[in-house]
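The lines below spell out each chain.
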Amino acid sequence: MIYGVGLPRTGTRALEAALEILGFSGSHYCILTGGESHRKSDHNFRIDNSLYEIFEALENFEINRKDLYILTDREEMSWKKSIER
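Residues numbered from 1 in each chain as written. Predicted model: local features only at pLDDT ≥ 70, side-chain atom pairs only at ≥ 80, totals over all residues. Heavy atoms only, no water.

## With respect to the overall build of the chain
Worth spelling out the cut-off: Helix and strand assignments come from DSSP, with helices taken as H or I runs of at least 4 residues and strands as E runs of at least 2, each series counted from the N terminus. Burial classes: relative accessible area under 20% of the type maximum marks a residue as buried, over 50% as exposed, and values in between as partly exposed (1.4 Å probe, protein chains only). The contact rule is simple, with two residues in contact once any of their heavy atoms fall within 4.5 Å. Each accessible area value is a Shrake-Rupley result obtained with a 1.4 Å probe; residue values ignore everything except the protein chains displayed when judging cover.
A count of helical and extended segments in the chain gives three helices and five strands. Listing each helix as α and each strand as β along the chain from the N terminus yields β-α-β-β-β-α-β-α. The buried share of the chain, reckoned over its 85 residues, is 35%. The contacts of the chain with a sequence gap of at least 6 include a subset with a gap of at least 24, amounting to 55%. Of the roughly 5,800 Å² of accessible surface on the chain, 56% is carried by carbon and sulfur atoms.

## With respect to the nonpolar core
Let me state the cut-off plainly: For our purposes a nonpolar core is just a set of buried Ala, Val, Leu, Ile, Met, Phe, Trp, Tyr and Cys residues, chained together by side-chain atoms within 4.5 Å.
The biggest cluster of nonpolar side chains holds five residues, and these are Ile2, Leu15, Leu19, Phe45 and Ile47. Ignoring any residue separated from it by four or fewer positions in sequence, one finds Leu19 in contact with Ile2, Phe24, Phe45 and Ile47.

## A few points about the pairing of strand β2 (residues 26-30)
The condition that has to hold: For two strands to be treated as a pair, DSSP must find at least two bridges joining them.
The buried fraction of β2 amounts to four of the five residues, a majority that puts the element mostly inside the structure. Where β2 and strand β4 (residues 45-48) come together, four bridges link them in parallel fashion. Bridging across to β4, Ser27 finds its partner in Arg46.

Structure, rendered in structure tokens:
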């Protein structure tokens, strides 16, 4: 399983698109809009930008070393301007 974790407006939607281009399917949850997109039922990835999901993913990293965790990040000032919009 691939887990995408990162704060809102850090590229989680772009990560979803990139994984789909590579042939993966999964879901993406955006805490800002409350919206969740589901693709096929055979999920290969899960992207979530709520703080709860980020902490859960970090906790699971200790247990599931076969899973892949992708942390999205963004320069602080650029992120702040994007959130304010």
